[in-house]
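Take a look at the letters that make up each chain.
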Amino acid sequence: MTDSEGANADAGEPAPDHAPDPELDEGPSVSDAEVEPEGAGGRDVVVPLALYKRITVFSTLFAVVAVLAGFILLDTATGRASRDLNEVNVVLAVAGLLSIAAGAAVYAFSTRFRTAGMGNPKDGES
């Protein structure tokens, strides 16, 4: 660094064009924090592509099975919606509703994962 560049940096002037600006944010990368805050408390988790594929496949599979099992339990508890209210198996109905909710929650949380190259459509990235 020459004396004039040092004087400019001390005077609060911007760094020369060839020097990297330490305050310039180049956006998220894999080396940055794994979890990034977004919007109203939401978070995206950046993972490698192989892990992203596994998360997507298995969480979708679990979510579909849980929701289908929940509807089967609910259908069994209500006798295909033909039983009177006092004949409904409440425990089985609640288990069915909880299974549906669990499947929805797993699917919702699995959408938080992304790879380093994926953008967020809300931010205008692609």
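Note that this is a predicted model, so its numbers are computed, not measured. Per chain, residues are indexed from 1 in the order of the written sequence. With pLDDT at 70 or above as the cut-off, local features in this predicted model cover only qualifying residues; side-chain atom pairs require 80 or more to be listed or tallied, and sums for whole chains, interfaces and linings still use all residues. Side-chain metrics rest on all non-hydrogen atoms present in the structure, leaving aside hydrogens and water.

Description of the environment of A95
Topologically, A95 is positioned in helix α3 (residues 90-110). Buried means the residue's accessible area, taken with a 1.4 Å probe over protein chains only, is under 20% of the maximum for its type, while exposed means over 50%, and partly exposed covers the values in between. Residue classification places A95 among the partly exposed positions, given a relative accessible area of 32%. A95 sits 21 residues away from L74 along the chain, and the two C-alpha atoms are 7.8 Å apart. Only runs of H or I of at least four residues qualify as helices and only runs of E of at least two qualify as strands under DSSP, and these elements are numbered from the N terminus.

Here we look at the pattern of salt bridges
A pairing counts as a salt bridge when a side-chain nitrogen of Lys or Arg comes within 4 Å of a carboxyl oxygen of Asp or Glu. By the definition in use, this model includes one salt bridge. The residue R114 makes a salt bridge to D44 at a minimum N-O spacing of 3.3 Å. With R114 in strand β3 (residues 113-114) and D44 in strand β2 (residues 42-46), this residue pair connects regions lying 70 residues apart in the sequence. The two residues R114 and D44 agree in class, both being buried.

A look at the side chain of D44
Owing to a relative accessible area of 9%, D44 belongs among the buried residues under this scheme. Side-chain polar atoms of D44 contact the side chain of R114, separated by 3.3 Å. Pairs of N or O atoms within 3.5 Å make up the polar contacts considered here, provided that, within protein, one atom can donate a hydrogen while the other can accept it, and that residues adjacent in sequence are counted only when both atoms are side-chain atoms.

Side note on the environment of F62
Relative to the helices and strands, F62 resides in helix α2 (residues 49-78). Counting along the chain gives 42 residues from F62 to A104, while the straight-line C-alpha distance between them is 9.8 Å.

Quick notes on the packing of α2 against α3
α3 packs onto α2 with a crossing angle of 160° between their chain directions and a minimal axis gap of 7 Å. Classified by the angle their axes make, α2 and α3 are roughly antiparallel. For the pair α2 and α3, the crossing hand works out as left-handed. In this classification, Asp, Glu, Lys and Arg are treated as charged, Ala, Val, Leu, Ile, Met, Phe, Trp, Tyr, Cys and Pro as nonpolar, and every other residue, Gly included, as polar. When the residues that make up the contact of α2 with α3 are grouped by side-chain class, the tally is 18 nonpolar, eight polar and no charged. The convention used is that axes are lines fitted to C-alpha atoms, helices contributing only their stretch in contact, and that angles between N-to-C directions extend from 0 to 180 degrees. Geometric relationships in this document are graded by angle, where less than 35 degrees denotes roughly parallel, more than 145 denotes roughly antiparallel, 65 to 115 denotes roughly perpendicular, and other angles denote oblique. Note on convention: the crossing is left-handed when the near helix lies turned anticlockwise from the far helix by less than a right angle, right-handed when the turn is clockwise.

Re the side chain of S59
Among the structural elements, S59 can be located in helix α2. Once residues within four sequence positions are removed from consideration, S59 is found in contact with R54, V106 and S110. Throughout, a contact is declared for two residues whenever any of their heavy atoms are within 4.5 Å.

Concerning α2
Here α2 spans 43 Å end to end across 30 residues, near enough to the 44 Å set by a 1.5 Å rise per residue. For α2, the full list of buried residues reads I55, S59, A63, A66, G70 and A77. The inward-facing, buried residues of α2 contact α3 and β3. Positive backbone phi, approximately 60°, marks G79, located one or two places after α2. Take the residue count of a helix, subtract one, and multiply by 1.5 Å to get its expected span.

Topic: the confidence of the model for the protein
Looking at the protein as a whole, its pLDDT mean stands at 77, while 60% of the residues score no less than 70. Scored between 0 and 100, pLDDT is the confidence that the predictor attaches to each residue. Counting interchain partners and residues more than four positions distant, the pLDDT-below-50 stretch residues 27-33 has five contacts.

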